[in-house]
Amino acid sequence: MSIIIMDKLNLAKEIQAQLETVYDPELRPANIVDLGLVYEIITKEDGTAKIVMTLTAPGCPVAGEIMNEVQEKVGSIAGIKEALVELTFDPPWTKDMMSEEAKLELGFL
């Protein structure tokens, strides 16, 4: 599944690189990008970055930790004044959203 990118600040590559350092502790060693949890990366001219993402399950016990880490890492990028994280379960996450690499790392192939 590919990430929808609307990038007025031309920072999507840097944002994605930061997101690739965030992990769901239950699904290491795959990061949240390879797991298919990131749906959208949006930047606006006012310096706002918005990440639309999901979790593997609505009751994910580490949801707050993951969202805080995303917000902190995206917010640390030069040119980003505010980082917002929006959680959605539409569409719901499935294993099919994972990259081939993540499926291999986690033994799904």
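Keep in mind that what you see is a predicted model, and the values were worked out from it rather than measured. (Residues numbered from 1 in each chain as written. Predicted model: local features only at pLDDT ≥ 70, side-chain atom pairs only at ≥ 80, totals over all residues. Heavy atoms only, no water.)

Structural notes on the packing of aromatic side chains
Cut-off, in case you're wondering: Geometry of aromatic contacts follows a simple scheme: Phe, Tyr and Trp rings, the Trp one being its six-membered ring, pair when their centres are within 6.5 Å, and the pair is stacked under 30 degrees between planes, edge-to-face over 60, tilted otherwise. Our definition puts a charge over a ring when NZ of Lys or CZ of Arg is within 6 Å of the ring centre and also within 35 degrees of the ring normal.
This model, assessed by the stated rule, comprises zero aromatic pairs. Cation over ring: Arg 28 sits above Tyr 23, and NZ or CZ is 4.4 Å from the ring centre.

A word on the sheet that holds strand E4 (residues 82–87)
The strands that make up a sheet are held in pairs by hydrogen bonds between backbone atoms, and each pair lies either parallel or antiparallel. Applied cut-off: Here the rule is simple: two strands pair whenever DSSP picks up at least two bridges between them. We count a stretch as a helix when DSSP gives it H or I for four or more residues in a row; a strand needs E for two or more, and each element gets its number in order from the N terminus. Note on geometry: axes are lines fitted to C-alpha atoms, helical ones only across the stretch in contact, with angles between N-to-C directions running from 0 to 180 degrees. By definition, residues are in contact when any of their heavy atoms lie within 4.5 Å.
The strand order E1-E2-E3-E4 describes an open sheet built from four strands, whose pairing is mixed. Of all the strands in the sheet, the pair left with one neighbour each is strand E1 (4–7) and E4. Averaged over all neighbouring strand pairs, the angle between strand axes comes to 15 degrees, with direction disregarded. Two strands pair when backbone bridges link them, and strand E2 (residues 38–43) and strand E3 (residues 48–53) are joined in this way by five bridges, in the antiparallel orientation. The residue bridging Ile 41 from the neighbouring strand is Ile 51, located in E3. Along the sheet face, helix H1 (residues 12–19) touches E1, E2 and E3 and points at about 140 degrees away from the line of E2.

A short note on the UniProt feature "domain: MIP18 family-like" (unreviewed entry) in the protein
This is how the line gets drawn: UniProt positions are given in the numbering used here, feature names are shortened, and annotations may be inferred rather than shown by experiment.
Annotation from UniProt places "domain: MIP18 family-like" (unreviewed entry) at residues 14–85. The distance separating the terminal C-alpha atoms of residues 14–85 is 16 Å; by composition the span is 26% helix and 22% strand.

Observations concerning the environment of Asn 68
For Asn 68, the position within the fold is in helix H2 (residues 63–75). C-alpha separation for the pair Asn 68 and Leu 84, spaced 16 residues apart in sequence, amounts to 9.7 Å.

Some words on H2
Operational definition: Under the convention used throughout, the expected extent of a helix is 1.5 Å for every residue step, that is, one less than its residue count. In this scheme, a residue with accessible area under 20% of its type's maximum is buried, one over 50% is exposed, and one in between is partly exposed, where area comes from a 1.4 Å probe on protein chains only. Directions are taken from the helix axis to each C-beta atom, and the arc is the one they span.
Taking 1.5 Å per residue as the helical rise, H2 with its 13 residues ought to reach 18 Å, and the 18 Å between its terminal C-alpha atoms agrees with that figure. By the burial criterion, the buried members of H2 are Ala 63, Ile 66, Met 67, Val 70 and Val 74. When H2 is viewed along its axis, its buried side chains cluster within an angular range of 95 degrees and face the same direction. Residues of H2 that are exposed and angled more than 90 degrees away from the buried face: Glu 65 and Glu 72. The inward-facing, buried residues of H2 contact H1, E3 and E4.

Structural notes on the pattern of salt bridges
As a reminder, the rule being used: In what follows, salt bridge is the name for a side-chain nitrogen of Lys or Arg lying within 4 Å of a carboxyl oxygen of Asp or Glu.
Taken as a whole, this structure holds three salt bridges when the rule is applied. Here Glu 69 makes a salt bridge to Lys 73, at a shortest N to O gap of 2.9 Å. One end of the pair, Glu 69, and the other, Lys 73, are both in helix H2, four residues apart, so they sit about a helical turn from each other. The partly exposed category is assigned to Lys 73, whose relative accessible area is 23%. In this structure, Glu 100 and Lys 103 form a salt bridge, with 3.9 Å as the shortest nitrogen-oxygen distance. Of this pair, Glu 100 and Lys 103 both sit in helix H3 (residues 100–105), three residues apart, which is roughly one turn of the helix.

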